[in-house]
Amino acid sequence: MAIYLKGVMVALKGLPRTLQVSAFALVVGIVLGLFLALAKMSGSKVLKVLASVYIEVIRSTPMIAQALIMAYGVPMILQSKGINFKWGNLLIPALIVCGLNSAAYMAEVIRSGIQAIDKGQIEAAHSLGMSKRQVNMLIVLPQAFKIVIPALVNELVTLIKETSILAYVGVVEVIRSAQLWNATTFETFPAYVGAAVVYFIVCFPMSKGVQYLEKRLSADKPVKKSETEKSEGKGGIR
Amino acid sequence: MIEAKNIHKHFTDLHAVKGVSITVKDGDVLSIIGPSGSGKSTFLRCLNHLETPDGGEVYVDGELVTEDNLQNVRAKMAMVFQNFNLFDNLTVLGNITVAPIHVRKQSKEEAEKRAMELLKLVGLEEKAHVYPRNLSGGQKQRVAIARALAMDPEVILFDEPTSALDPEMVGEVLEVMKKLAASGMTMLVVTHEMGFAREVSDEVIFMDAGEIVESGDSEEIFGNPKTERLKAFLNKVLK
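Just so it is clear, the model here is predicted, and its values are computed rather than measured.

Definitions and cut-offs
- Residues numbered from 1 in each chain as written.
- Chains lettered and ligands numbered in written order.
- Predicted model: local features only at pLDDT ≥ 70, side-chain atom pairs only at ≥ 80, totals over all residues.
- Heavy atoms only, no water.
- Helix = DSSP H or I, 4+ residues; strand = E, 2+ residues; numbered from the N terminus.
- Rg over C-alpha atoms; globule rule 2.2 N^0.38 Å.
- Buried < 20%, exposed > 50% of the residue type's maximum accessible area, 1.4 Å probe, protein only.
- Contact = heavy atoms within 4.5 Å.
- Areas by Shrake-Rupley, 256 points an atom, 1.4 Å probe, with all protein chains shown as cover.
- Pairing = 2+ DSSP bridges.
- Axes fitted to C-alpha atoms, helices over the stretch in contact; angles between N-to-C directions.
- Core = buried A, V, L, I, M, F, W, Y, C linked by side-chain atoms within 4.5 Å.
- Parallel < 35°, antiparallel > 145°, perpendicular 65-115°, else oblique.
- Left-handed = near helix turned anticlockwise from the far one by under 90°.
- Nonpolar A, V, L, I, M, F, W, Y, C, P; charged D, E, K, R; others polar.
- Buried area = accessible area lost by both parts, 1.4 Å probe.
- Salt bridge = Lys/Arg side-chain N within 4 Å of Asp/Glu carboxyl O.
- Polar contact = N/O pair within 3.5 Å; in protein donor to acceptor, adjacent residues only side chain to side chain.

Right, let's get into the overall build of chain A. Each helix and strand in chain A was counted, giving eight helices and zero strands. Put simply, chain A runs from its N terminus to its C terminus through helices and strands in the order α-α-α-α-α-α-α-α. In terms of overall size, chain A is more extended than a compact globule, its C-alpha atoms giving a radius of gyration of 23 Å where 238 residues would be expected to give roughly 18 Å. Along the longest, intermediate and shortest principal axes, the C-alpha atoms of chain A span 90 × 55 × 25 Å. Buried residues in chain A amount to 42% of all 238 residues. Considering only residue pairs separated by 6 or more positions, chain A has 74% of its internal contacts joining residues 24 or more positions apart. Working note: accessible area of chain A is about 13000 Å², and carbon and sulfur atoms make up 68% of it.

Think of a sheet as strands paired side by side through backbone hydrogen bonds, with each pair either parallel or antiparallel. Residues and elements named next belong to chain B. Taken together, four strands build an open sheet; the order of strands is E2-E1-E4-E5 and the sheet is antiparallel. Since the sheet does not close on itself, it has two edges, and those belong to strand E2 (14-24) and strand E5 (63-64), each with one partner. Taken strand by strand, helix H1 (residues 40-47) contacts strand E1 (2-11), E2 and strand E4 (55-60), and its axis lies near 120° from that of E1.

Attention now moves to the nonpolar core. Core analysis: the largest hydrophobic core is formed by 90 residues, its most contacted members being Met130(A), Phe43(B), Leu47(B), Phe87(B) and Leu188(B). In terms of residues, this core owes the most to one element, helix H6 (residues 132-162) of chain A, which gives twelve residues. Not counting chain neighbours up to four residues away, the residues in contact with Leu47(B) comprise Ala4(B), Val58(B), Met77(B), Leu157(B) and Leu188(B). Membership of the second largest hydrophobic core comes to 39 residues, among which are Phe84(B), Leu93(B), Leu118(B) and Leu174(B).

To continue, consider the packing of helix H3 (residues 92-102) of chain B against helix H4 (residues 108-121) of chain B. Residues and elements named next belong to chain B. Interaxial distance between H3 and H4 falls to 9 Å at its minimum, and their mutual angle equals 130°. It follows from the interaxial angle that H3 and H4 lie oblique. Crossing of H3 against H4: the hand is right-handed. For the pair H3 and H4, contact is made by Val92, Leu93, Ile96, Thr97, Pro100 and Ile101 and by Lys108, Ala111, Glu112, Ala115, Met116 and Leu119, respectively. Residues that form the contact of H3 with H4 fall into these classes: nine nonpolar, one polar and two charged.

Residue and element names in this part refer to chain B. A positive phi angle, near 55°, is found at Asn85, a position not held by glycine. Within the fold, Asn85 resides in the loop between strand E6 (77-80) and H3. Judged by its relative accessible area of 8%, Asn85 is buried.

Here the focus is the interface of chain A and chain B. With 29 residues of chain A in contact, the opposing surface of chain B contributes 41 residues. Of the roughly 3000 Å² buried where chain A meets chain B, counting both sides, 53% is carbon and sulfur surface. Linking chain A to chain B there are one salt bridge. The salt bridge partner of Glu123(A) is Arg45(B), with a shortest N-O separation of 2.6 Å. At the junction of chain A and chain B, the tally comes to seven residue pairs in polar contact (both at pLDDT 80 or more). Secondary-structure elements contributing two or more residues to the side of chain A that touches chain B are helix H5 (119-127) and H6 of chain A. A total of seven residues in the side of chain A that touches chain B trace back to one element, the largest contributor, which is H5(A). Split into classes, the residues belonging to the side of chain A that touches chain B amount to nine nonpolar, twelve polar and eight charged.

Written out as structure tokens, the structure is:
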């Protein structure tokens, strides 16, 4: 039993790095994702296409390929062009890849949140003389973010698990910690079970939290009235 | 003064508004009545370019409305919607003050003081810190009217303001609108409330199939309709 506990303790040592990368990717993802979402919904065809291409390329390729390209491929191609480039710390490409990757997913989440906002409120805001920017900042985005909070937390859970592939590009996070311990002790089963336990301890409460949030947010929402009919002559003189 | 000249609006295969012109003098109440689908709401929405007209011009105090001065013009032409369209993320007070603060650049204190006066006017002072989801339909619409008034508009456009209300709440909203009319507010009202239109309007326009069929003061329209279409319409809705 003690050896399993040891396995968990070893994996735990990698947890701060895992959380650090995930948190960074979350923030970059939200900010960049917001811009991508706005670009995709903008009137400009060029912006729309650029954002769509970015989102689709990222979502249709595995993060491990993106990580390998960024960590090893990019320095290689630059060196072959005579540019002396090396990542000072392999954490840097890892952070970049996770941020860029999560942005693509966040963009879709945020876009769906924005599109869920009642069009009537947007019209009302315009009818009061607000600029497009004001409508977005004051009315649309605050509501959209509230709607997408559960989805964003889900994204974070996914991110935490996904960062495990950074073990392959030299970042000592949870999985890499387990691998290194396994390499010296050959305690393969306790090492990887320990890593799995650590992910579970972090992710399970968050998933439960999302369920709770979703329930609360939907309870908050007023019952949507069915489209009021504009029946003719309703009432007449009162 | 609001002037609309020869407004046209097409949707994909529908010519919704066919060359409608109106003039509304300051302090007047103009009601637009007509069957559903007659283009009256679309016409109203063309005035502040929520629907961009395909043809025609709108003048507010002699100034032609264009894409460039749209924000300014809209700030002078408040609108009250059928479905209230209150901002769900803001309290009642926030709903009323957001545009005065951000569009009119009033201070928060100034805007809130004015908002409280307006809430008193519509009888909802005690709801200032409540969110829209906790209001009844009639209360929401009264807040929406206060929100419109907070911009000190030259005119308020009402787009079927009572059509989404339960019958017992229609009265409270009409009361507020009557108060406004009596205070000299310029109002354009698309409505199915014939009693209201008859009582408060300086002029009534009857629209059908995208055109003005008949217009006149409320006694002429309701007491002495001339066209067959208006007679048929009134017969149907007043019975």
